[in-house]
Amino acid sequence: MHDEPNLAALDLNLLVVLEALLAERHVARAAARVGLSPSATSHALARLRRLLGDPLLVRDRQALVPTARAEALAPRLADALASLRTVLAPPPAFDPATARRRFVLGLADYAQFILLPPLLTRLAETAPHVDLVARDFPLERPLERLDELDVLVAPDRSLARADPLGPHVGAALRERRLFRERFVCLARRDHPRIGKKLDLATFVALPHAFIAPRGIPGGVVDDLLAERGLSRRVALMVQHFLVAPYTIAGSDLVITLAERVARAFATHLPLTIHEPPLAIPRFAMHLYWHERRHLDPAHQWLRQQLLAIGKEL
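Residues numbered from 1 in each chain as written. Predicted model: local features only at pLDDT ≥ 70, side-chain atom pairs only at ≥ 80, totals over all residues. Heavy atoms only, no water.

A. Geometry of the sheet that holds strand 6 (residues 173-181). An order of 4-3-5-12-6 is seen for the 5 strands of this open sheet, with the pairing classed as mixed. In this open sheet, the two edge strands, each paired with only one partner strand, are strand 4 (130-135) and strand 6. Direction aside, the axes of adjacent strands within the sheet are offset by 25° on average. Where strand 5 (residues 151-155) lies against strand 12 (residues 283-290), 4 bridges are found, and the strand directions are antiparallel. Residue pairing in the sheet places Val153 in a bridge with Leu287 of strand 12. Of the strands in this sheet, strand 3 (101-107), strand 4, strand 5, strand 6 and strand 12 touch helix 5 (residues 109-126), which is tilted by about 180° from strand 4. (Pairing = 2+ DSSP bridges. Helix = DSSP H or I, 4+ residues; strand = E, 2+ residues; numbered from the N terminus. Axes fitted to C-alpha atoms, helices over the stretch in contact; angles between N-to-C directions. Contact = heavy atoms within 4.5 Å.)

B. The environment of Pro55, seen in detail. Note on placement: Pro55 falls in the loop between helix 3 (38-52) and strand 1 (57-60). Taking the C-alpha atoms as reference points, Pro55 and Arg122, 67 residues apart in sequence, are found 62 Å from one another. Apart from residues lying up to four places away in sequence, Pro55 is in contact with Arg49 and Thr67.

C. Quick look at the side chain of Arg303. Residue placement: Arg303 occurs in helix 10 (residues 297-312). Among residues more than four places away in sequence, those in contact with Arg303 are Val151, Leu287, Trp289, Arg293 and His294.

D. Looking closely at the pattern of salt bridges. All told, the structure shown has 13 salt bridges when counted by the stated rule. The residue Arg85 makes a salt bridge to Glu19 at a minimum N-O spacing of 2.9 Å. Here the residue Arg85 occupies a position in helix 4 (residues 68-88), and Glu19 occupies one in helix 1 (residues 13-24), the gap between them amounting to 66 residues. The partner of Glu24 in a salt bridge is Arg29, with the nearest N and O atoms 3.5 Å apart. Through salt bridges that share partners, Arg182, Glu259, Arg263 and Glu275 make up one connected network. (Salt bridge = Lys/Arg side-chain N within 4 Å of Asp/Glu carboxyl O.)

E. Highlighting the side chain of Arg182. Relative to the helices and strands, Arg182 resides in the loop between strand 6 and strand 7 (183-188). A polar atom in the side chain of Arg182 sits 2.6 Å from the side chain of Glu275. Contact partners of Arg182, with chain neighbours within four places excluded, come to Leu257, Ala258, Glu259, Glu275 and Arg282. (Polar contact = N/O pair within 3.5 Å; in protein donor to acceptor, adjacent residues only side chain to side chain.)

F. Up close: the nonpolar core. Counting residues in each nonpolar core, the largest one holds 58 residues, and the members touching the most others are Leu105, Tyr110, Leu115, Val153, Leu178 and Leu287. Looking at which element gives the most residues to this core, the answer is helix 5, with 7 residues. Residues within four places of Tyr110 in sequence aside, it is in contact with Phe179, Glu181, Phe241, Ala258, Arg260, Val261, Phe283 and Met285. (Core = buried A, V, L, I, M, F, W, Y, C linked by side-chain atoms within 4.5 Å. Buried < 20%, exposed > 50% of the residue type's maximum accessible area, 1.4 Å probe, protein only.)

Next up, the structure:
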């Protein structure tokens, strides 16, 4: 039984030199082919002879002639190097028109509402065989679960009472801002207690609906009111925004929510948009992805689509 060669001790560049020598059968031409000097190529041949225990190429007049051992290993060497080059080759370009694959997106209901319709329009036009799986924004330590998702869309951390993304995962995280958003107030049309303008006293006196994804009371509006020594009554707290506008349209509640959502529902329901009586800071939605997907052509394409949508927004 022969001992297997120790690949860890082998300079694989020697195999490239041997491939060139077997093809050219001339040291100078082989040297030019691999970008070495003739002297360095001769030294490489000497090392190969010691490594394989065979002369490999012997001189016959003005040419080098392969030995029987060299002739036997030549086709296997060519196959091995071809396989290695395939392994090391850059990934093929992503062709959305012919690609058949599925992307998993981490999106809260707000992000699904805003991003999925324009994204699906783009897919229908340019990537008809690409499928999407939209998962709710993972509330518990989402960045630690980012490896399960192709991308994650989440708010920035400036408004959070606690960091919504959990501990920063350092170099494994990439992010880009998608778009900015602001808050407005939404109430039913012809609300008996709201005139043309929603003032602070009326705002505080009215019952409120509040969207709390984690089911935890309190938010930026409550913080701003507390700074003024004020508070509000939250008569309805829900975890998802979809039901809230319908509830507002059929009651005297008022809600503070993202403007894009408010405008979308105000076109279909008897609702009126009001400027908040408080200076509520804007927030931004960010696109997050794992470092290991950063250079993948398919994922680059997906991120380009989302970033383009964000720019349009």
